[in-house]
Structures are given as structure tokens and as C-alpha cells.
Protein chains: 2
Amino acid sequence: MQIGELAKRTGCESETIRYYEREGLLPAPARSSSGYRRYEQPHLEQLAFILHCRSLGMPLADIRLLAGFHQQPAAEPCDRVNALIDQQISRVHSQIEALQKLEIQLQQLRARCDSPHTLADCGILKTLDDAATGEACACHDAS
Amino acid sequence: MQIGELAKRTGCESETIRYYEREGLLPAPARSSSGYRRYEQPHLEQLAFILHCRSLGMPLADIRLLAGFHQQPAAEPCDRVNALIDQQISRVHSQIEALQKLEIQLQQLRARCDSPHTLADCGILKTLDDAATGEACACHDAS
DNA sequence: TGCAAACCCTGTAGCTACTATAAGGTCAAG
DNA sequence: CTTGACCTTATAGTAGCTACAGGGTTTGCA
Ligand SMILES: [Zn+2]
Ligand SMILES: [Zn+2]
Ligand SMILES: [Zn+2]
Ligand SMILES: [Zn+2]
């Protein structure tokens, strides 16, 4: 199958497929006489593997490692697989925590302007300006 | 003051300050005879304003707009300020939701390997491989 | 046969918000 | 007069694509 059909079947754009090939995530496929890439079933599965991992937010470097375990002796322990997943869980978890703090801060700032104002009287702008001169702000210094 | 001192006082690297200048977020300061940037108090406040907004996750384009409201007639309504903050809140909120889903999916995948295994028997690798061939997976198809 | 649409190819640049060099000029202390 | 700490510009790198530009190929139809 050509790249366009692989794209259609996986829901991944042709350009992304070529990008994965350049990055060494997908093996270079055979070419037709005119230079078109020709993919077989294993490529489709490899790409599906990559996209599945991407949908879990895994970085490409980790996916490369995960895919590489298929080339390793099957009797090896799987602790490095676990470590990759655990790492990703903790990355995601700390991102959630940081974003939750951010949301609270933003809502405290937003609360400074509840009724329609002019720019001159806007509690949001005032808070931001005051904070820039070193004063306490609703978003960062709330108790 | 020179760029290094501004950097020290704000906790922002000199290179980032120059970057903000290139991006039009900080006005170009006066130069000494040898070409060194010389900053005054207003630059420090402007930079503090930017850094405060950045700490709330605001994109530079939005900060540019927020800062631009200072040049606008003060009698204008502040609804565009609110809109920027609301937009940021909803961006943050939807990121949180997406990451929370991700965390659950990752934990479901992780649960497939609870005791030490070999690569051949690893429930995580098996799940990923099966998903690549179209089968249901713990992470995406759990009820 | 001729032509147009729909494919495909490579290579390059753009996106965000920095960060990190390289290669050089300036200034104050000792 | 030299050392070290500053400063300058310009360029490239980061992650994961996405969007061209400028070309070649294949297929179908009149
Ligand atoms: Zn307001
Ligand atoms: Zn604040
Ligand atoms: Zn395992
Ligand atoms: Zn899954």
C-alpha cells in the first residue's frame, strides 16, 4: 500500500509518517520503481504501536525504546518497560498538579473583575500592574 | 542598570530578556557608548509584568495584548482583558481534563505488570502489541 | 493522444518559549 | 598589561509535528 492509504487506515498524516521514518521510528519501506514508498502489514502494525503510545502522551524517544524491546532477548526482565511507564505517570501527575495550582491562581485573578468595568478600574489589570511593582497579588500571595 | 543586573533582580536570564526585546514585549532600552543596554525602573516593572503573566501560563502573544491595554484609552471597557483570562482558564482546564484521562489510562496499562516478568511475558508490552493489531487494550477500551 | 486530477517525492521553514553555543568587544581591578 | 567578568550579535537547537515550494508519476477520460 502507498503512504496515503497507510495514512487513511491509521488516521495519521502522510507527512507525520515520513517524519517518523526520518526519526527512525518506522523502518524505511521498499520503494516502487518510481520511488513511491510501499508498505506492508508489519508497517501498519508498527505505526499503530507508535500512535497508540503517542495517545498515551509518551515522548518519541521513549517509544523508540519501547519498540526496541522487541529486538531484545525475550528472557530479559521487563523492569525498564515499567520504568518508562512509571516515569510517564509521574510526569503526567506533576503536570496535573502544576495546572491545578495555575487554575486556582487564574480564578483568583479573574474574581477581581466581576462586574463590567473600564480599563482604568479593572481589578485584573490593577492586580497585574501592582504585582509588577512588587505588591502582593490575588493570584500568588493569597493566603 | 545593565542587563545582568536586571536579570539578577527579576530572576530572568539575560538571554530571555534579549529574546523578549526581539519579540517586541520589552521596549528597546537606551545604549551606552559601547553598545550596552541600559535599563531604568520602568523596564524592570515591564519585565516583572511579563514574568508575572508567564507564571500564570499566559502565552507571549496574550501578554503582548495585555501590556498593550496600557496604551489604550482608560475609559474603554475591560471585556477583552476578561476574555484573555477566561480563555487561559479554559485552556488550563481542558489540559487538566486531558491529563487526568491520560493518567487513568496509564495506570490501567501499568496494572498489567504487577510482578516481575520477562519481556516475553510482560503484560504491558503484550497490551501494546495487541493494541497495534487492532485488539482491545486495557488503557483505551476499559469499560 | 493530450490533459487534468490526484497522487507521490525531497527539502526547507514555521510553530512556542526559550536555551546554548560561537566569536568577539568592553571594562575594572591588580 | 593582563585577567576575568561583563557585554554584543548571530545562529542553531529543543518536541512533534505541519505547511509549503517545486517538482515527478499515475490514472482516467475525452
Ligand atoms: Zn475588569
Ligand atoms: Zn500573582
Ligand atoms: Zn512486565
Ligand atoms: Zn490503549
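Parameters at a glance
Residues numbered from 1 in each chain as written. Chains lettered and ligands numbered in written order. Predicted model: local features only at pLDDT ≥ 70, side-chain atom pairs only at ≥ 80, totals over all residues. Heavy atoms only, no water. Donors = N, O, S within 2.8 Å, 3.2 Å for Na, K, Ca; no water. Tetrahedral: all angles 85-135°; square planar, octahedral: opposite > 155°, others 65-115°. Helix = DSSP H or I, 4+ residues; strand = E, 2+ residues; numbered from the N terminus. Buried < 20%, exposed > 50% of the residue type's maximum accessible area, 1.4 Å probe, protein only. Salt bridge = Lys/Arg side-chain N within 4 Å of Asp/Glu carboxyl O. Contact = heavy atoms within 4.5 Å. Buried area = accessible area lost by both parts, 1.4 Å probe. Polar contact = N/O pair within 3.5 Å; in protein donor to acceptor, adjacent residues only side chain to side chain. Nonpolar A, V, L, I, M, F, W, Y, C, P; charged D, E, K, R; others polar. Near = heavy atom within 4 Å.

Provide a residue-level description of the coordination of the zinc ion (ligand 2), including the pertinent values.
Taken together, the protein donors to the zinc ion (ligand 2) comprise C137(A) (SG), C139(A) (SG), H140(A) (ND1) and H52(B) (NE2), at separations of 1.9 to 2.3 Å. Viewed at the metal, the four donor atoms of the zinc ion (ligand 2) are separated by angles of 97 to 117°, and the geometry they form is tetrahedral. Linking C139(A) in the segment after α6 (123-132) with H52(B) in helix α3 (residues 41-55), this pair reaches from one chain into another. The same class applies to C139(A) and to H52(B), which are both buried.

Tell me about the coordination of the zinc ion (ligand 1), residues and numbers included.
Note on the zinc ion (ligand 1): its protein donors are C113(A) (SG), C122(A) (SG) and C78(B) (SG). The metal-donor distances range over 2.2 to 2.3 Å. Placement of the pair is C122(A) in the loop between α5 (79-110) and α6 and C78(B) in the loop between α4 (60-68) and α5 (79-110), with the two residues belonging to separate chains. The class of C122(A) is buried, set by a relative accessible area of 1%. In this structure C78(B) comes out as buried when scored by relative accessible area, which is 2%.

Provide a residue-level description of the pattern of salt bridges, including the pertinent values.
Enumeration according to the criterion identifies eight salt bridges over all chains in this entry. The closest approach of N and O atoms between E21(A) and R37(A), which form a salt bridge, is 2.8 Å. On the criterion of sequence distance, the pair formed by E21(A) in helix α2 (residues 14-22) and R37(A) in strand β2 (residues 37-38) is long-range, its members being 16 residues apart. Here E21(A) and R37(A) have matching classes, each one buried. Among the ionic pairs, D62(B) bridges to R91(B), the shortest N-O distance being 3.2 Å.

How would you explain the interface of chain A and chain B if you had to name every residue and give the values?
Across the contact, 53 residues belong to chain A and 53 residues belong to chain B. For the pair chain A and chain B, the summed buried area comes to about 4600 Å², and 73% of that belongs to carbon and sulfur atoms. Of all residues in chain A, the largest losses of buried area upon contact with chain B belong to L56(A), L106(A) and L119(A), amounting jointly to 15% of the total for that side. At the boundary of chain A and chain B, one finds two salt bridges. Residue D86(B) is joined to R110(A) by a salt bridge in which the shortest nitrogen-to-oxygen separation is 2.6 Å. Linking chain A to chain B there are 18 residue pairs in polar contact (both at pLDDT 80 or more). With 19 residues, the top contributor of residues to the side of chain A that touches chain B is α5(A). Across the side of chain A that touches chain B, the residue classes tally to 31 nonpolar, 16 polar and six charged.

Please set out the protein's contact with DNA strand C residue by residue, giving values where relevant.
Around DNA strand C there are 17 residues in total, and G4(A), R18(A), R37(A), Y20(B) and Y36(B) lie nearest to it. Taken together, the sugar and phosphate atoms account for 78% of what DNA strand C places within 4 Å of the protein. Within the side chain of R54(B), an N or O atom sits 2.8 Å from a phosphate oxygen of DNA strand C. Mapped by element, the contributors of at least two residues to the surface near DNA strand C are α1 (3-10) of chain A together with α2 (14-22) of chain B. Broken down by element, the residue count for the surface near DNA strand C peaks at four residues, all from α2(B).

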